[in-house]
Amino acid sequence: MKGLSRLFVLACCFAALAPIAWHAMSSLKSASELTLVPPTLLPQHPTLANYEALFQRRHFIRYCINSFVIAAMTSLVCVASASLAAHRLARMRGTVRSAIRLGLLTVAFFPPIVFVFPVYELIRAAGLVNHPWGLILPYSALNLPFAIWLLTGSFEQIPYELEEAAAIDGLSRFQTFRTVVVPLATPALITAGILTFVFSWNEFMFALTFLNVESEKTVTLGVATLSGAFAEEIPYGQIAAGVIASSVPLILLVLIFQRRIVAGLTAGAVK
Amino acid sequence: MKKPSRSFVRELSWFVPAAVLLLALVVYPVLRTIGLSFFHKNLLTGFNSQFAGLENFARIITDSRFGSSLWVTVLFTLISVTVEFGVGLLLALCASSLRQWRTAVRVILLIPWTLPTAVIAVLWAWMLNDQYGGVNAVLLRVGLIHSPVTWLAEPATAMAAVVFADVWKTAPFVFLILYAGLQNIPRELYDAIEVDGGGAWAGFRYVTWPHLLPFTFVALIFRIVQAFAVFDLIWVMTGGGPGGSTETLSVYTYRTYMRYLDFGYGAASVVTTVVILALIAGGLYRLVVTKYERAF
């Protein structure tokens, strides 16, 4: 029994990593080696040519910068506005509070296809097509329900006496929020920020719709739409390199923050 | 009329940034979509709105492509959610019996879930390439197949391929939720079962399962809603093909909006999709709540 279950876990870990490893190997192969039948496992003559092509002939650096700016700004806008609302929501009682929480939960379950066209109309009217803010604002709004939900739960854990003591010491509501509540809730704020960052980095449908200029694309959109100059000429090596290069930041994030990410996911599920 | 007190206004101001974002970019779009679904707004009307009453909804009923994409969506959701719950539950049970390497297992399994779905679609499309892909190479070597399979070119295998890629990404999510649930079960309960002469199965049936149920339910609803809305994976991996055999509701609706520029009809299919989804989620909620109450 023990041995079998260990084997199953091992097999699943292998299955999780194998296709990524395959792409890492493919990204180091030359174009001629990539089209060998049957394919080789390890690159015979490892080369960085695919990465060079990706970074020099494509806008890959631009994609990365765009994604980073959009994801970082979304985290900031979303967590800032969510924490203000959650701070008051955590101290509210009664039907208004349950109504707000139920509304947020309902909205969080709406498929993204609901929003894509009407938001596109708004973004176009505001002149924000092909502009980072055209994605930052919708991404912030779509992540708000989850962020408010997560932060309300965490703010509720902070003893109310601390806020009362701050008020007696003459601090305003906002000063109390900034100097007492925020420092105590930092772990939850980081969790909300990271999950929002990952969502924005990964989002595809809105990016596909709102961005149509190469230099404004995000990494996710860029990798999904990499293709050759001719339809027949599919740059497999560059695609493999793109898959790996776009995954590295996320894998690093997982390695550093895995505890916080799991905490955020399960907190969302338990409450 | 009483003037709102200053403290009430000040209280409200905490909600202004979140409320503005939500009203403009979530609530308004929902209302706009509902409104639009009662109008014709497409190439034929010169993109002017013409009142249509229920004509868009009548068209949905007779639209065989809508029917087939609804069927594809239901099939995709059903198979992939079932498989990923099977795998996720088994994995959570197996992993919780481990003594070492728990963190490593969690980190490794978190990776597929964190990668962008659109990139995962690219990754699996290349793995499943008939000539140069890794999957055929391994299957040929092992002898399970004798000639390369063109996975994404046949309706049945294309469906299996998108389901497989979805399971690869989301079984880890189910695992993480259920694994967290398992950690919350007090050890003593298993000891009690053992004292009463129960075996491993009794432990699962009377301790593990009732404790996991709330976790399972939340993860299940969440995954059903997500799978029902699947877009990125299909758009990038198969584009809905071959011959519409993997075209889901989101993919069809996106085409209606952005390719056929039929905004009124697109809005009507969004409304219909959400209503169907709400019925499924509501029905499931009913089912589980009644069952859940009986279990205790």
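This structure is a prediction, so every number in the text was calculated from the model and none was measured. (Residues numbered from 1 in each chain as written. Chains lettered and ligands numbered in written order. Predicted model: local features only at pLDDT ≥ 70, side-chain atom pairs only at ≥ 80, totals over all residues.)

1. Considering the overall build of chain A
Here is step 1: Looking only at helices and strands, chain A has 13 helices and 0 strands in total.
Here is step 2: The linear arrangement of helices and strands in chain A, starting from the amino end, is α-α-α-α-α-α-α-α-α-α-α-α-α.
Here is step 3: With respect to the three principal axes, the spread of C-alpha positions in chain A is 75 × 60 × 35 Å.
Here is step 4: When the 271 residues of chain A are sorted by exposure, 45% land in the buried category.
Here is step 5: Pairs at least 24 residues apart make up 75% of the contacts formed inside chain A by residues separated by at least 6 positions. (Helix = DSSP H or I, 4+ residues; strand = E, 2+ residues; numbered from the N terminus. Buried ≥ 20, exposed ≤ 12 C-beta atoms within 10 Å, placed from the backbone. Contact = placed C-beta atoms within 7 Å.)

2. A short note on the overall build of chain B
Here is step 1: In terms of regular secondary structure, chain B is built from 13 helices and 2 strands.
Here is step 2: Taken over C-alpha atoms, the radius of gyration comes to 24 Å for chain B, far larger than the 19 Å a tight globule of 296 residues would show.
Here is step 3: Projected onto its principal axes, the C-alpha positions of chain B cover 75 × 75 × 35 Å.
Here is step 4: Burial analysis of chain B (296 residues in total) assigns 42% to the buried set. (Rg over C-alpha atoms; globule rule 2.2 N^0.38 Å.)

3. Structural notes on the interface of chain B and chain A
Here is step 1: Across the contact, 67 residues belong to chain B and 65 residues belong to chain A.
Here is step 2: Considering each element in turn, the side of chain B that touches chain A owes the most residues, 10 residues, to helix α2 (residues 16-36) of chain B.

4. A short note on the domain arrangement of chain B
Many analyses report the size of an interface as the accessible area lost when the parts associate.
Here is step 1: On domain assignment, one finds that chain B holds domain 1 (1-28) and domain 2 (64-295).
Here is step 2: The gap between the C-alpha centroids of domain 1 of chain B and domain 2 of chain B is 39 Å. (Domains from an automatic or database assignment.)

5. Section: the environment of Tyr179 of chain B
Residues and elements named next belong to chain B.
Here is step 1: Among the structural elements, Tyr179 can be located in helix α8 (residues 155-183).
Here is step 2: Through-space distance from the C-alpha of Tyr179 to that of Leu212 is 9.2 Å; in sequence the pair is 33 residues apart.
Here is step 3: When neighbours within four sequence positions are excluded, Tyr179 is seen to be in contact with Ala92, Ala95 and Ser96.

6. Describing helix α10 (residues 200-228) of chain B
In an α-helix there are 3.6 residues to a turn, and that puts residues three or four apart on one side.
Residue and element names in this part refer to chain B.
Here is step 1: Over its 29 residues, α10 extends only 36 Å from the first C-alpha to the last, a length that falls short of the 42 Å expected when each residue adds 1.5 Å.
Here is step 2: Of all the bends found along α10, the most pronounced is centred on Trp209 and spans about 45°, while Pro210, a proline, follows it within four residues.
Here is step 3: All of the buried residues along α10 are Thr208, Leu212, Phe215, Thr216, Ala219, Arg223, Ala227 and Phe228. (Expected span 1.5 Å × (residues − 1). Bend = angle between axes of the 7 residues up to and from the residue.)

7. Here's the deal with the confidence of the model for chain A
Here is step 1: For chain A, per-residue confidence averages 87 on the pLDDT scale, and residues scoring 70 or more make up 96% of the total.
Here is step 2: Helix α11 (residues 205-210) of chain A holds the highest mean pLDDT among the elements of chain A, 95, whereas helix α2 (residues 31-34) of chain A holds the lowest, 79. (pLDDT = per-residue confidence, 0-100.)

8. A look at the confidence of the model for chain B
Here is step 1: When pLDDT is averaged across chain B, the result is 88; 96% of the residues are at 70 or more.
Here is step 2: Under the prediction, the complex receives an ipTM of 0.89, its pTM being 0.90.

9. Observations concerning the domain arrangement of chain A
All names here are of chain A.
Here is step 1: Each assigned domain of chain A is listed with its residue range as follows: domain 1 (1-47) and domain 2 (58-270).
Here is step 2: Computed from C-alpha atoms alone, the centre-to-centre distance between domain 1 and domain 2 is 32 Å.
Here is step 3: If you look at the interface, domain 1 gives 8 residues, while domain 2 gives 7 residues.
Here is step 4: Elements with a contribution of two residues or more to the side of domain 1 that touches domain 2: α1 (2-27) and α2.
Here is step 5: Among the elements that take part in the side of domain 1 that touches domain 2, α1 stands out by supplying 5 residues, more than any other.

10. Brief notes about the environment of Ala227 of chain B
Residues and elements named next belong to chain B.
Here is step 1: Relative to the elements of secondary structure, Ala227 occurs in helix α10.
Here is step 2: Overall, Ala227 belongs to the buried group, with 22 C-beta atoms counted inside 10 Å.
Here is step 3: For the pair Ala227 and Ser80, spaced 147 residues apart in sequence, the C-alpha to C-alpha distance is 7.8 Å.
Here is step 4: Filtering out sequence-adjacent residues up to four positions away, Ala227 remains in contact with Phe76, Thr77, Ser80, Val81 and Asp166.

11. As for the nonpolar core
Here is step 1: Core analysis: the biggest nonpolar cluster contains 156 residues, and Ala82 and Ile148 of chain A together with Ala121 and Val122 of chain B have the highest contact counts within it.
Here is step 2: With 15 residues, the top contributor of residues to this core is α8 of chain B.
Here is step 3: Excluding residues within four positions of it along the chain, Ala82 of chain A makes contact with Leu144, Ala147, Ile148, Leu151 and Ala192 of chain A together with Ala18 of chain B. (Core = buried A, V, L, I, M, F, W, Y, C linked by C-beta atoms within 7 Å.)

12. Quick word on the packing of helix α4 (residues 60-89) of chain A against helix α7 (residues 132-156) of chain A
Residue and element names in this part refer to chain A.
Here is step 1: Relative to each other, α4 and α7 sit at 40°, their axes nearing to 6 Å. The orientation of α4 with respect to α7, classified from their angle, is oblique. Considering the relative orientation of α4 and α7, their crossing is right-handed.
Here is step 2: When the residues that make up the contact of α4 with α7 are grouped by side-chain class, the tally is 19 nonpolar, 8 polar and no charged. (Axes fitted to C-alpha atoms, helices over the stretch in contact; angles between N-to-C directions. Parallel < 35°, antiparallel > 145°, perpendicular 65-115°, else oblique. Left-handed = near helix turned anticlockwise from the far one by under 90°. Nonpolar A, V, L, I, M, F, W, Y, C, P; charged D, E, K, R; others polar.)

13. Points about the environment of Gly241 of chain B
Residues and elements named next belong to chain B.
Here is step 1: Mapped onto the elements of the fold, Gly241 is located in the loop between α11 (232-237) and α12 (249-258).
Here is step 2: With 15 C-beta atoms counted inside 10 Å, the residue Gly241 sits in the partly exposed group.
Here is step 3: Along the chain, Gly241 and Tyr252 lie 11 residues apart, while their C-alpha atoms are 11 Å from each other.

14. Comments concerning the packing of α4 of chain A against helix α10 (residues 186-202) of chain A
How two helices pack is summed up by the angle between their axes together with the distance between the axes.
All names here are of chain A.
Here is step 1: Taken N-terminus to C-terminus, the directions of α4 and α10 make an angle of 140°; their axes are 8 Å apart at the nearest point. As far as their axial angle goes, α10 and α4 are oblique. Taken as a pair, α4 and α10 cross one another with a handedness that is right-handed. Along its contact with α4, which presents Ser67, Ile70, Ala71, Ala72, Thr74, Ser75, Cys78, Val79, Ala82 and Ser83, the element α10 presents Leu189, Ala192, Gly193, Thr196, Phe197, Ser200 and Trp201.
Here is step 2: A breakdown of the residues in the contact of α4 with α10 according to their chemical character gives 10 nonpolar, 7 polar and no charged.

15. Remarks on unusual backbone geometry
All names here are of chain B.
Here is step 1: Of note, the amide linkage connecting Gly241 to Pro242 takes the cis form, showing an omega dihedral of -10°.
Here is step 2: Looking at where Pro242 falls in the secondary structure, it is placed in the loop between α11 and α12.
Here is step 3: One non-glycine residue, Phe47, lies in the positive phi region at around 65°.
Here is step 4: Considering the arrangement of structural elements, one finds Phe47 in the loop between β1 (39-40) and β2 (50-51).
Here is step 5: For Phe47, a count of 10 C-beta atoms within 10 Å puts it in the exposed group.

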